[in-house]
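Structural overview
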Amino acid sequence: ISISNDVVSIKFDDNAFISEYKYNNKDIIANGTKILPSFYRAVTDNDMGASLQRKYKLWKKPTYTLQNVKTKKKNNTIIVTANYKIEEIKGSKLTLKYTIFADGRIDISQSMEVEDSNMEIFRFGIVMKMPKEFNFDFNVSKSAAFSNS
């Protein structure tokens with residue numbers, strides 16, 4: 001799937017993950033990466049003590065099998081909805097919904113259903129790697145947080 005206009009160019013790979021996102025001809029995601037679901041985080045000392053790194057290992061790099069993908073145009077947006085099965089999780093259904101606006105914005109929502117209502121997870125999010133030229137200086141906000149003024 002490819003979507004483009006004078007402002008934005010977005011390409012989805014064969015598994016319906018965004019593999020290219022350009023705004024005003026500038027890459028927004030790092031070359032060779034994708035915008036992906038993320039269900040894992042760095043473990044803490046407490047996690048290690050409870051062996052959670054073993055218990056949640058299946059969430060670190062799950063296998064997504066695309067079940068279907070649908071596109072529709074609504075007003076001045078294009079909506080891409082992709083449904084996946086997560087192979088390691090019995091009875092799972094992951095849905096990613098991308099709402100792409102003509103001005104280049106993308107709203108991404110994600111939902112998941114699993115058979116086991118007691119299933120635990122470290123995090124529920126989406127990750128993307130940005131090019132190096134998007135170098136943010138977090139020291140500004142850190143020093144402001146500790147300012148006495």
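The sections below set out a description of the structure shown in this document. (Residues numbered from 1 in each chain as written. Predicted model: local features only at pLDDT ≥ 70, side-chain atom pairs only at ≥ 80, totals over all residues. Heavy atoms only, no water.)

Overview of the packing of aromatic side chains
For the structure shown, the criterion picks out 5 aromatic pairs. Ring geometry for Phe-17 against Tyr-64: centres 5.6 Å apart, planes inclined by 70°, an arrangement best described as edge-to-face. Of the two residues, Phe-17 is situated in the loop between strand S2 (8–12) and strand S3 (18–23) and Tyr-64 in strand S6 (residues 64–74); the sequence distance between them amounts to 47 residues. For Tyr-64, a relative accessible area of 17% translates into the label buried. Aromatic pair Phe-17 and Tyr-84: ring centres 4.9 Å apart, planes at 5°, arrangement stacked. Here the residue Phe-17 occupies a position in the loop between S2 and S3, and Tyr-84 occupies one in strand S7 (residues 77–86), the gap between them amounting to 67 residues. (Phe/Tyr/Trp six-rings, centres within 6.5 Å; stacked < 30°, edge-to-face > 60°. Helix = DSSP H or I, 4+ residues; strand = E, 2+ residues; numbered from the N terminus. Buried < 20%, exposed > 50% of the residue type's maximum accessible area, 1.4 Å probe, protein only.)

A look at unusual backbone geometry
Here Ala-16, not a glycine, exhibits a phi torsion of approximately 65°, which is positive. One can find Ala-16 in the loop between S2 and S3. On the accessibility criterion, Ala-16 (3% relative accessible area) is buried. Positioned with a positive phi, Asn-24 is a non-glycine residue whose angle comes to about 50°. Checked against the element boundaries, Asn-24 lands in the loop between S3 and strand S4 (26–27).

Topic: the sheet that holds S6
Strand order in this open sheet of 4 strands is S6-S7-S8-S9, and the pairing throughout is antiparallel. Only two strands of the sheet have a single partner each, and these edge strands are S6 and strand S9 (106–113). For this sheet, the mean angle separating the axes of adjacent strands, direction not counted, is 15°. With 8 bridges connecting them, S7 and strand S8 (residues 93–101) associate as antiparallel partners. Within S8, the position partnered with Val-80 by the bridge is Tyr-98. (Pairing = 2+ DSSP bridges. Axes fitted to C-alpha atoms, helices over the stretch in contact; angles between N-to-C directions.)

Some details on the sheet that holds S4
Read across the open sheet, the 4 strands follow the order S1-S2-S3-S4; overall the sheet is antiparallel. The open sheet has two edge strands, strand S1 (2–4) and S4, and neither has a second partner. As defined by bridge partners, S1 adjoins S2 across 3 bridges and the pair is classed as antiparallel. Bridge pairing in S2 links Ser-4 to Ser-9.

Some points on the pattern of salt bridges
Side chains that carry opposite charge are capable of pairing whenever their charged atoms lie near each other. Per the counting criterion, the structure on display carries 5 salt bridges. Between Glu-87 and Lys-85 there is a salt bridge; the shortest N-O distance is 3.8 Å. (Salt bridge = Lys/Arg side-chain N within 4 Å of Asp/Glu carboxyl O.)

A closer look at the nonpolar core
Judged by nonpolar contacts, the single largest core of 28 residues is most densely connected at Ile-10, Phe-12, Ile-18, Tyr-21, Tyr-84, Tyr-98 and Ile-100. Secondary-structure elements contributing two or more residues to this core are S2, S3, S7 and S8. (Core = buried A, V, L, I, M, F, W, Y, C linked by side-chain atoms within 4.5 Å.)

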